[in-house]
Amino acid sequence: MVLKKSKKENEKPKVENEPDCGRHVFSAKETRELQSQLLVWYDKNARTLPWRDIARTEVDPNTRGYSVLVSEIMLQQTQVATVIDYFNKWIKKWPGTKELSKATLEQINQAWSGLGYYSRGRRLWEGARYVEETLDGSMPQTRVELLKLPGVGKYTASAVASIAFGAQVGVVDGNVLRVLSRLRGIGAPIDNQKVVDHMWKLADDIVDKERPGDFNQAMMELGATVCTPKAPSCVTCPVKSMCAARALNAASIVDIEDTCVKCGKSELKMEEGVLNYPRKGKKTASRDERTLVLALSHPNSSGDLVYAVQQRPASGLLANLWELLTVPGEGKQAADDQDEAGKQQKEVKDEKEVISTHLETLKVAYSQLAKKGEVNHVFSHINMTYVLYTATMDKKYEGLELMTLDNFLVKGTSTAMKKVVKLLQSSSSDSCSMKRKSLTAATAADPKQRSINSFFKSVKKE
Ligand code: SF4
């Protein structure tokens, strides 16, 4: 017997206030299919990850919520493979908000070193202190309450609430945006706020009410492993039967009467298939910047070189991290009308002037100012060139914090500054070997010198 489908089953909810073809949502029947197909697939294919084990097995809600929060904050802008090791070490060191709240900011920056976007570590620490000082150690459990923690946005609050506490809320991250835009054929730019709002409504509507955390993780897992940005594996996709992007054809594109704001048909290209989705608006170009770094050294009482270091301001790029002296004001690039050699000489002269002025302001007497090279580092919106100079302090200055490079590297510094230190170390070893070479050459050329060296050798032997 064939059951007659009720009209309500296939009815799509209406989206209000704007022209809409009604195809960018899921009917109740499609929602059920999506939930069941996705969860069956997830149960077979979910990657084993340490924070998932904790979310599944930990009985203490505070430890569970805290662990999921740590993983979610670390995973923002960072690959899963990179996060695993950092997560394990972090949880071992600070298993809960109580322990984390007692750490110092310097310890936080050390533990976060190399993970990038350093303000995330500081915010996590501030959040632990908030939970301890204001909530008596109880982790908030709802999206609304979690949003009150520093550095926690709607995505993180929803992920923690659903994964750790079973709250019936959806999540929208880059993976979910891609999957939803393909499944529902949403071709309007996904960075448009109305489209983002629509995606959140979709995510909240379709989340499985019994297993919200697993359903959300399944959506993200599908985006990360199957419905990938450039090479989606549609053949193996568990939800291909309801994918609008896969069903895209010439007839659906050439529908010039369609005025739906979410279809984005004018931009669709047949030959691109599912890769038409998601579409982004125009990107803001990254800007180029140059920073002058001065490795200003002085020998300590044991004869080791110590360098002047400083802590960055508490807000902005690489907040609170330690660095070698950076000199305010950009290194200038010489005008284009000069030849290459002339340009380089002019740049070095200008840069030396900028550094000299800065050191005069600090009242530091120095010598042997020399350029050692440049290193590039790309931040999310800045292509940064660090221009490295070295100089020797004539005497120790009280106003400057000094430390060896080994101590500096474990103090909590950025990946970019580590690259600068690597350049410094390689340029120092180059100059040492050059000095050794020139000494050997001088010795070979000058018999007098050879006899002096032999004298020292013979003294040493005695
Ligand atoms: Fe993504 Fe292809 Fe699956 Fe559609 S069928 S959701 S495009 S992997």
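Residues numbered from 1 in each chain as written. Predicted model: local features only at pLDDT ≥ 70, side-chain atom pairs only at ≥ 80, totals over all residues.

**Student:** Help me understand the overall build of the protein, please; the structure alone is not making it clear to me.
**Tutor:** Broken down by element type, the protein carries 18 helices and six strands. Burial analysis of the protein (462 residues in total) assigns 32% to the buried set. (Helix = DSSP H or I, 4+ residues; strand = E, 2+ residues; numbered from the N terminus. Buried ≥ 20, exposed ≤ 12 C-beta atoms within 10 Å, placed from the backbone.)

**Student:** So what exactly am I meant to see when it comes to helix H13 (residues 212-225) here?
**Tutor:** Working note: α-helix, 3.6 residues per turn, so residues spaced by three or four point in the same direction. The end-to-end C-alpha separation of H13 is 20 Å, in line with the 20 Å expected for 14 residues at 1.5 Å each. Burial of H13 is extensive: 12 of the 14 residues sit out of reach of the surface. Where H13 is concerned, the buried positions are Pro212, Gly213, Asp214, Phe215, Asn216, Gln217, Ala218, Met219, Met220, Glu221, Leu222 and Gly223. Check the buried side of H13 and you find it contacts helix H2 (28-45), helix H3 (50-57), helix H10 (154-165) and helix H11 (174-183). (Expected span 1.5 Å × (residues − 1). Contact = placed C-beta atoms within 7 Å.)

**Student:** Help me understand the packing of H10 against H13 in this model?
**Tutor:** The geometry of H10 relative to H13 is characterised by a closest axis approach of 7 Å and an angle of 130° between their N-to-C directions. Here H10 is positioned oblique relative to H13, judged by the angle of their axes. Counting all contacts with H10, which are made through Ala159, Ser162 and Ile163, the residues of H13 involved are Pro212, Gly213, Asn216 and Gln217. Considering only residue class, the contact of H10 with H13 consists of three nonpolar, four polar and no charged. (Axes fitted to C-alpha atoms, helices over the stretch in contact; angles between N-to-C directions. Parallel < 35°, antiparallel > 145°, perpendicular 65-115°, else oblique. Nonpolar A, V, L, I, M, F, W, Y, C, P; charged D, E, K, R; others polar.)

**Student:** Is there a simple way to explain helix H12 (residues 193-206) in this structure?
**Tutor:** The end-to-end C-alpha separation of H12 is 20 Å, in line with the 20 Å expected for 14 residues at 1.5 Å each. Of the residues making up H12, those classed as buried are Val195, His198, Met199, Leu202, Ala203 and Ile206. Relative to the axis of H12, the buried residues are bounded by an arc of 140° and lie together on one face. Along H12, the residues that are exposed and aim more than 90 degrees away from the buried face are Gln193 and Asp197. (Arc of directions from axis to C-beta.)

**Student:** I tried to follow the nonpolar core on my own but got confused; where do I start?
**Tutor:** Generally speaking, soluble globular proteins have nonpolar side chains that are buried together. Among the nonpolar cores identified, the biggest contains 70 residues, and Val70, Val160, Val176, Leu180, Ala203 and Met219 are the most heavily contacted of them. If we ignore the near neighbours within four places in the chain, the residues touching Met219 are Leu38, Val176 and Val179. Counting residues in each nonpolar core, the second largest holds 28 residues, with Leu324, Ile355, Val375 and Ala391 among its members. (Core = buried A, V, L, I, M, F, W, Y, C linked by C-beta atoms within 7 Å.)

**Student:** Can you walk me through the pairing of strand E2 (residues 305-311) in this structure?
**Tutor:** Both faces of the sheet carry side chains from a regular strand, because those side chains alternate between them. Relative to E2, strand E1 (residues 287-299) runs antiparallel, the two being bridged by three bridges. Within the sheet, the bridge partner assigned to His298 lies in E2 and is Val306. A loop of five residues connects E1 with E2, the two strands running antiparallel in sequence, and Gly303 in this loop sits at a positive phi of about 90°. Here E2 pairs with strand E6 (residues 401-403) via three bridges, running antiparallel. (Pairing = 2+ DSSP bridges.)

**Student:** Is there a simple way to explain the packing of helix H4 (residues 61-75) against helix H5 (residues 80-93) in this structure?
**Tutor:** Between two packed helices, both the angle of their axes relative to each other and the distance between the axes serve to describe the pair. Taken N-terminus to C-terminus, the directions of H4 and H5 make an angle of 140°; their axes are 10 Å apart at the nearest point. On the basis of their axis angle, the class for H4 and H5 is oblique. As for how H4 packs across H5, the hand of that crossing is right-handed. Here Ser67, Val70, Ser71, Met74 and Leu75 of H4 come into contact with H5, specifically with Val80, Val83, Tyr86, Phe87, Trp90 and Ile91. Here the contact of H4 with H5 is composed, by residue class, of nine nonpolar, two polar and no charged. (Left-handed = near helix turned anticlockwise from the far one by under 90°.)

**Student:** How do you make sense of unusual backbone geometry when you look at a structure like this?
**Tutor:** Residues apart from glycine generally show negative phi values, whereas peptide bonds are mostly found in trans. Cis geometry marks the peptide bond from Tyr277 to Pro278, where omega comes out at -10°. Topologically, Pro278 is positioned in the loop between helix H14 (250-253) and E1. Non-glycine residue Asp136 carries a positive phi angle of around 55°. Although it is not a glycine, Gln368 adopts a positive phi angle of roughly 55°. Relative to the elements of secondary structure, Gln368 occurs in strand E4 (residues 366-378).

**Student:** Any chance you could explain the environment of Ile355 here in plain terms?
**Tutor:** Within the fold, Ile355 resides in helix H15 (residues 340-361). Taking the C-alpha atoms as reference, Ile355 lies 6.4 Å from Val327; in sequence the two are 28 residues apart. Other than its neighbours up to four places away in sequence, Ile355 contacts Leu292, Leu294, Val327, Leu369 and Tyr389.

**Student:** In this structure, what is going on with the pairing of E4? I would like to understand it.
**Tutor:** Where E4 and strand E5 (residues 382-393) come together, 10 bridges link them in antiparallel fashion. The residue bridging Val375 from the neighbouring strand is Tyr386, located in E5.

**Student:** What is the right way to look at the confidence of the model for the protein in this model?
**Tutor:** Interpretation of the predicted coordinates at a detailed level should be avoided for regions scoring low in pLDDT. Here the protein shows a mean pLDDT of 84. Residues at 70 or above account for 82%. Overall, residues 1-8 carries pLDDT values under 50, and its contacts beyond four positions in sequence, including any with other chains, amount to two contacts. Of the regions scoring below 50 in pLDDT, residues 434-462 engages in four contacts with residues more than four places distant in sequence or in other chains. (pLDDT = per-residue confidence, 0-100.)

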